[in-house]
Amino acid sequence: MNSLNYIGSKRTLFHKILKTCQENIPDLASHTFMDLFAGTGYVGFNMQPHVLNTCANDLEYYSFVINHALHCCNYSNELANTISTMNGLPGVKGLIYNHFSNHSECERMFFTNENAMKCDAIRQHIQQLYDDNVCNQATFYFLVASLLVSIDKVANTSCVYGAYLKEFKTSALKPLVLLPIHTKTTISTINNMVYNRKAEDVCKIGADIVYMDPPYNNRQYSANYSPLNYIAHYDTTVELTGKTGLISGYNRSDFSKKGEVASAFQTLIDGVKCKYMILSYNNEGIMDYENLKKMMEKRGALKIYKILYKKFKAQMTVDVANVYEYLWVLEVGKEGTTVEYIIE
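Summarised in this report is the structure supplied together with it. Given the structure is predicted, the values throughout are model-derived calculations rather than measurements.

Where helix α1 (residues 14-24) is concerned, the buried positions are Phe 14, Lys 16, Ile 17, Leu 18, Thr 20, Cys 21 and Asn 24. The secondary structure elements touched by the buried residues of α1 are α2 (42-47), β4 (209-212), β7 (276-282), β8 (300-310), β9 (322-332) and β10 (339-343).

It is worth spelling out the side chain of Thr 32 at this point. When you line up the elements, Thr 32 lands in strand β1 (residues 32-35). Polar contacts involving the side chain of Thr 32 include one to the main-chain amide nitrogen of Asp 208, which spans 2.9 Å. If near-sequence neighbours (up to four positions away) are discounted, Thr 32 is found in contact with Leu 52, Asn 53, Ala 207, Asp 208 and Ile 209.

Side chains of a nonpolar character, in soluble globular proteins, are inclined to be buried together. The biggest cluster of nonpolar side chains holds 59 residues, and the ones touching the most others in it are Val 65, Ile 66, Ile 96, Phe 111, Leu 148 and Tyr 225. Of all elements in the fold, only α3 (61-72), α4 (77-87), α5 (95-100), α6 (113-131), α7 (137-151) and α10 (226-233) reach the threshold of two or more residues within this core. Residue contributions to this core peak at 11 residues, all from α7. Sequence-distant contacts of Ile 96, that is, excluding residues within four places in its chain, are made with Ser 101, Phe 111, Ala 116, Cys 119, Asp 120, Tyr 230, Ile 231 and Tyr 234. Among the nonpolar cores identified, the runner-up in size contains 32 residues, and Leu 36, Phe 37, Leu 268 and Trp 328 belong to it.

The subject of this paragraph is the pairing of β8. Sheet topology places β8 next to β9; 11 bridges connect them, and they run antiparallel. Directly across from Lys 306, in β9, lies its bridge partner Tyr 326. Sheet topology places β8 next to β10; five bridges connect them, and they run parallel. The residue bridging Lys 303 from the neighbouring strand is Val 339, located in β10.

Cut-offs used in this document
Residues numbered from 1 in each chain as written. Predicted model: local features only at pLDDT ≥ 70, side-chain atom pairs only at ≥ 80, totals over all residues. Heavy atoms only, no water. Buried < 20%, exposed > 50% of the residue type's maximum accessible area, 1.4 Å probe, protein only. Helix = DSSP H or I, 4+ residues; strand = E, 2+ residues; numbered from the N terminus. Contact = heavy atoms within 4.5 Å. Polar contact = N/O pair within 3.5 Å; in protein donor to acceptor, adjacent residues only side chain to side chain. Core = buried A, V, L, I, M, F, W, Y, C linked by side-chain atoms within 4.5 Å. Pairing = 2+ DSSP bridges.

This is how it looks when you write it as structure tokens:
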């Protein structure tokens, strides 16, 4: 899987998430699984071999596109040939060059001019294939998702797109190469669904297992990854504002607002339809631990796994290099005393 460089990614924690599921959920392979705050899609995609089917949701459009590619489209020789063709396209001056690269009419340095133009050429080509009915919707999302994770590899940022670097770093000077977001050919896509809605709405649809990885702090994902949304939409009517080109009216999650987070969690926990609820949340989250614990205990038997976890590398300049990731496992409707574990 070709993935974004992403705050909150569970790439290094996935094996512990899977192990926890296997230890707590009998006959895991017979259960449906929903990744409710899917982000890069790493958890849901890698759960596919272990469960009956997978669904995903995220409010951010770039994440929806990525997760659609991961859950609803298999790789193929046709896709490989299309990607090879697009890697040979000459660059063009389009929306990404105009708004996110440095030239006489733009000061932003998110991408080199060459990579921005290559991105424009590829994105326009994908759109033309779809508009001409050469590719279906699943293929369209697969190709756009592949572009998103590929352009991210040459972004001139420390990680998030809240700011660009004043000098081009070495990786940003490398040429953009379009790579497939995945090469899996055995995804059972028939019952997989991907949503682009608020978690508190989708949780009512539910699944046997609902995994939740909401934002922990006041940094909004919609602002931090705004250029990826712009590439995904590629729409001249989308208004950009400010020095970094934020999309006007970007999403603001209540899970990232100190005054709203308790209410957001209450709505989510009360409304989620599932047999097993699994929540990732760390000790630096703005939601109070004891309050969250009380909310979850009302719905069933709770186990809390405490995992020492290295901070995301973009945050390593701060004094504390590690955090505790809490993995909350709730069996809905079952009575029992809360048990807490420490995982080395």
